[in-house]
Structures are given as C-alpha cells and as structure tokens.
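Below, each chain spelled out in residue letters.
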Amino acid sequence: MRGTLSTMKKVWLNGELVDQDQATVSVFDHGLLYGDGCFEGIRMYNGRILKLGAHLRRMYQSAEKIRLKPAYDPDAIDRAIRETIAANGLNDAYIRLIFTRGAGTLGLHPFKCPTPGTIIIADTIQLYPEELYENGMKVVVAERPRIPIRCLDPSVKSLNYLNNIMAKIEAIDADVLEAIMLNIDGQVAECTGDNIFLVKDGRITTPPREAGILMGITRQFVMDEIAPACGHVVDEELFPLETLLHADEVFLTGTAAEIIGVSQVDEHTIGNGQVGPITRQLIQEFRNQTAENAPED
Ligand code: PMP
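Scope of this entry: the structure provided in the associated data block. (Residues numbered from 1 in each chain as written. Predicted model: local features only at pLDDT ≥ 70, side-chain atom pairs only at ≥ 80, totals over all residues. Heavy atoms only, no water.)

### Remarks on the site of the ligand
- The full set close to the ligand counts 18 residues, and Tyr 161, Glu 190, Ile 217, Thr 218 and Thr 255 are the nearest of them.
- Glu 190 has a polar side-chain atom sitting 2.6 Å from a nitrogen atom of the ligand.
- Look at the ligand: alone it shows 390 Å² of surface, and the protein chains cover 92% of it.
- When contributions to the shell around the ligand are tallied by element, the ones reaching two or more residues are strand E9 (188-191), helix H6 (217-229) and strand E13 (249-254). (Near = heavy atom within 4 Å. Polar contact = N/O pair within 3.5 Å; in protein donor to acceptor, adjacent residues only side chain to side chain. Areas by Shrake-Rupley, 256 points an atom, 1.4 Å probe, with all protein chains shown as cover. Helix = DSSP H or I, 4+ residues; strand = E, 2+ residues; numbered from the N terminus.)

Here it is in structure tokens:
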C-alpha cells in the first residue's frame with residue numbers, strides 16, 4: 001500500500017474497534033511467522049465502496065484456496081468494513097482487510113492455529129503523483145519471474161508477498177515505481193502490485209489467468225465496464241515482452257493505482273512516449289464512474 005497511517009485511527013480487530021496502538025497481533029500468529037493468510041486492498045470513493053462484492057468474493061476464494069476458514073462470514077465483514085470507515089470519519093478511503101491463520105505453535109502446521117485473525121484498517125491513500133497520470137510512468141522489467149501457479153497460485157492474494165517485494169526492490173534500485181514481472185515461460189504476467197494491458201492498432205489485450213496473475217478487481221472492472229463504456233473490448237491473451245515493447249499504449253490497473261499509462265519500459269519508449277488516447281479515455285471514464293456512484297457489487 002502506498003498510503004501512510006495517520007495517528008489514532010480506529011482499527012477493527014477480531015470483532016472490536018480499537019485504537020491503532022492497541023491493535024496488535026500475537027508474535028505466534030502464522031500471518032507474521034510465515035505470511036500465512038490473505039488480504040484485500042479496497043477503495044471507497046465518495047461514500048461508495050468500489051466493487052466491495054467482488055473484493056469479498058476474491059477474499060473468501062483466497063481463504064478457501066489456502067484452507068483458511070474465516071472467523072466471520074462476508075455479510076459480517078461487509079458491516080465491519082462500513083463500521084470501521086464510519087468510526088474513522090472517512091468518505092474516501094483505502095481499506096485493508098486481512099485474515100491471518102492466527103496464533104499457533106512455532107511449527108508450520110496451519111491447523112494448530114485454532115482461531116484465525118481478522119483485521120480491518122481504513123485510512124486515506126496517496127496515489128502515484130498526478131503528474132504521472134498526465135505524462136505516464138516509467139517501469140522496468142524485473143529479472144525475477146512471477147512465482148509459477150503450481151508453486152503458489154498468484155490468484156491467491158496471500159500475505160506472502162516476497163516474490164513481489166523482491167521485484168519491487170528491482171524497481172526501486174532502478175529509480176522507478178513499478179516493475180513488470182514475466183512468468184517462468186517468459187510471457188508477460190503483471191506488475192508487483194498492478195495488472196498490465198497493452199493497446200495495439202486499437203485493440204486492447206491483457207494476460208489471462210494462465211499467465212500467472214492476480215485476477216485484479218480493477219482489471220475486471222476495466223474489462224467489463226470501463227472499456228465497453230468507451231466502445232472497446234478487451235481480449236485476454238498471452239504475449240511475450242517483445243509484443244509489449246512494440247505496443248502503441250501500455251497501461252496498468254490496480255485498486256491503489258486505478259488506471260495509469262506507461263511511457264517507458266526499461267530503455268524502450270512506448271508509442272510516442274505520451275499517455276495514449278485510449279488510456280486517457282479509460283482514465284477519464286474510470287474517474288467519471290467512481291466520482292459519484294461507484295458500483296459496489
Ligand atoms: N497484481 C498484484 C500482484 C496486486 O498485488 C494487485 C493489487 N495490489 C493487482 C494486481 C491489482 O489488483 P486489484 O485491481 O484487485 O487491486
């Protein structure tokens with residue numbers, strides 16, 4: 001998350017709203033010991049929680065795939081999220097929902113953790129600087145590939161983000177904000193915290209699930225609602241880095257990033273080095289759709 005926590009927030013922790021300095025977890029929690037758990041990053045725009053339904057569905061799918069039985073059902077979490085936002089007096093917010101495996105023994109055994117942890121943090125978020133939405137951002141291609149589906153399916157939004165963090169360090173070392181991650185077959189997968197799209201000859205494509213990606217909620221929103229509202233369809237297709245480098249436009253999507261154009265990948269300029277017309281159109285449509293009546297389903 002790119003935001004910073006301001007002081008004395010109320011955090012929802014295992015059924016109660018507590019001051020943030022009281023919001024602590026056990027050192028025996030397997031979320032801490034092993035990154036054993038899952039999470040969601042969710043946005044509220046002008047009092048409406050964008051795609052909350054989709055985020056909750058993905059959260060419970062992640063939990064199921066790692067065989068974590070959540071302590072609360074989706075309706076209870078929906079209410080708790082709204083309660084947390086209200087307790088912090090927010091109208092625009094970034095919400096972090098976390099399920100941890102819970103406290104157990106020092107060994108790996110996940111089923112020796114009797115009670116899973118549930119955490120909801122609501123705060124504001126600082127996006128990439130507006131200047132980058134205007135001019136596009138530079139990214140690099142990480143040398144480290146995205147972890148293969150057979151090892152740990154990237155469609156599980158697990159608390160174990162070291163694969164992405166190591167690629168993010170490559171971006172930081174290169175003095176840029178994001179890194180593109182290829183899968184082990186050399187196809188483009190996604191970025192460390194964003195999905196990726198390209199535009200070529202007016203056609204929009206994005207890597208499919210088989211590329212080994214997180215099935216981004218913003219990605220789906222763009223495919224199902226934003227692009228169609230602009231008269232475009234999006235095709236899911238595997239493509240190598242070479243195809244991306246020769247695209248007319250490249251853009252990223254994510255809950256925090258929304259939609260942002262890419263101007264440069266490593267030393268390669270994308271298109272004419274400016275944010276392309278289709279990306280601009282999609283950014284505008286995203287802003288229109290979230291400004292007043294963001295869909296919550
Ligand atoms: N890929 C990865 C690896 C992510 O962590 C994220 C979210 N931060 C995304 C893609 C974008 O997903 P969403 O649109 O659901 O935020």
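### Topic: the layout of surface pockets
- For the second largest pocket, the calculated volume is near 300 Å³.
- Lining the second largest pocket we find 17 residues, and of these Ala 54, Arg 58, Met 215, Ile 217 and Gln 220 sit closest to its centre.
- Breaking the lining of the second largest pocket down by element, the ones donating at least two residues are helix H2 (52-65) and H6.
- Per-element tally for the lining of the second largest pocket: the top contributor is H2, with six residues.
- Looking at the lining of the second largest pocket, its residues break down into four nonpolar, five polar and eight charged.
- Both domains that furnish three or more residues to the lining of the second largest pocket are identified here as domain 1 (10-123) and domain 2 (130-293). (1 Å grid on protein atoms, 1.4 Å probe; cavity = no way out; pocket = protein on both sides within 12 Å on 5 of 7 lines; lining within 4 Å. Points joined across faces, edges and corners; volume = space filled by probe spheres on them. Nonpolar A, V, L, I, M, F, W, Y, C, P; charged D, E, K, R; others polar. Domains from an automatic or database assignment.)

### Some details on helix H5 (residues 162-173)
- Taking 1.5 Å per residue as the helical rise, H5 with its twelve residues ought to reach 16 Å, and the 16 Å between its terminal C-alpha atoms agrees with that figure.
- By the burial criterion, the buried members of H5 are Asn 163, Asn 164, Ala 167 and Ala 171. The buried side chains of H5 occupy one side of the element, clustering within an arc of 90 degrees when seen end-on. Opposite the packed face of H5, turned more than 90 degrees from it, sit the exposed residues Leu 162, Ile 172 and Asp 173.
- Buried residues in H5 make contact with strand E7 (137-141) and strand E8 (178-182).
- Directly beyond the C-terminal end of H5, a positive phi value near 65 degrees is found at Asp 175. (Expected span 1.5 Å × (residues − 1). Buried < 20%, exposed > 50% of the residue type's maximum accessible area, 1.4 Å probe, protein only. Arc of directions from axis to C-beta. Contact = heavy atoms within 4.5 Å.)

### Structural notes on the environment of Lys 69
- Structurally, Lys 69 is set in the loop between H2 and helix H3 (74-87).
- For the pair Lys 69 and Thr 115, spaced 46 residues apart in sequence, the C-alpha to C-alpha distance is 9.0 Å.

### What about unusual backbone geometry?
- One non-glycine residue with positive phi stands out, namely Asn 46, at about 50 degrees.
- If you trace the backbone, Asn 46 turns up in the loop between strand E3 (37-45) and strand E4 (48-49).
- For Asn 46, a relative accessible area of 37% corresponds to the partly exposed category.
- Residues other than glycine seldom take positive phi values, yet Asp 175 does so here, at roughly 65 degrees.
- With respect to the element layout, Asp 175 can be found in the loop between H5 and E8.
- Under the relative-accessibility criterion, Asp 175 is labelled exposed at 71%.

### Points about the side chain of Lys 157
- Inspection of the secondary structure puts Lys 157 in the loop between E7 and H5.
- As a buried residue without a salt bridge, Lys 157 has its nearest oppositely charged side chain in Glu 40, at a separation of 6.1 Å.
- There is a polar contact of 3.1 Å between the side chain of Lys 157 and the side chain of Tyr 161.
- Setting aside residues up to four positions removed in sequence, Lys 157 forms contacts with Gly 37, Cys 38, Phe 39, Glu 40, Gly 41, Arg 58, Ser 62 and Leu 214. (Lys, Arg positive; Asp, Glu negative; His and termini not counted. Salt bridge = Lys/Arg side-chain N within 4 Å of Asp/Glu carboxyl O.)

### Structural notes on the sheet that holds strand E1 (residues 10-13)
- Ordered by their spatial adjacency, six strands build an open sheet running E2-E1-E6-E5-E3-E4, and the pairing between neighbours is antiparallel. Edge positions in the open sheet fall to strand E2 (16-19) and E4, since each of these has one partner strand only.
- In this sheet, E2 lies alongside E1 in antiparallel orientation, the contact comprising four bridges. Following the sheet pairing, Val 11 is matched in E2 by Val 18.
- On top of the sheet, H2 reaches E3, E4 and strand E5 (93-100); it is set at about 175 degrees to E3, its chief contact. (Pairing = 2+ DSSP bridges. Axes fitted to C-alpha atoms, helices over the stretch in contact; angles between N-to-C directions.)

### Regarding empty space enclosed by the protein
- Across all of its chains, the model carries two cavities of 30 Å³ or more by this definition.
- The computed volume of the largest cavity comes to approximately 70 Å³.
- Lining the largest cavity are Arg 43, Tyr 45, Leu 50, Lys 51, His 55, Ile 217, Thr 218, Gly 254, Thr 255, Glu 258 and Phe 286.
- Those elements that place two or more of their residues in the lining of the largest cavity are E3 and H6.
- Partitioning the lining of the largest cavity into residue classes produces four nonpolar, four polar and three charged.
- When residues of the lining of the largest cavity are sorted by domain, at least three fall in each of domain 1 (10-123) and domain 2 (130-293).
- Put simply, the second largest cavity is a space of about 40 Å³.
- Along the walls of the second largest cavity sit Asp 248, Glu 249, Val 250, Gly 261, Val 262, Ile 270, Gln 274, Val 275, Gly 276 and Thr 279, which together make up its complete lining.

All we've got here are geometric facts, nothing functional implied.
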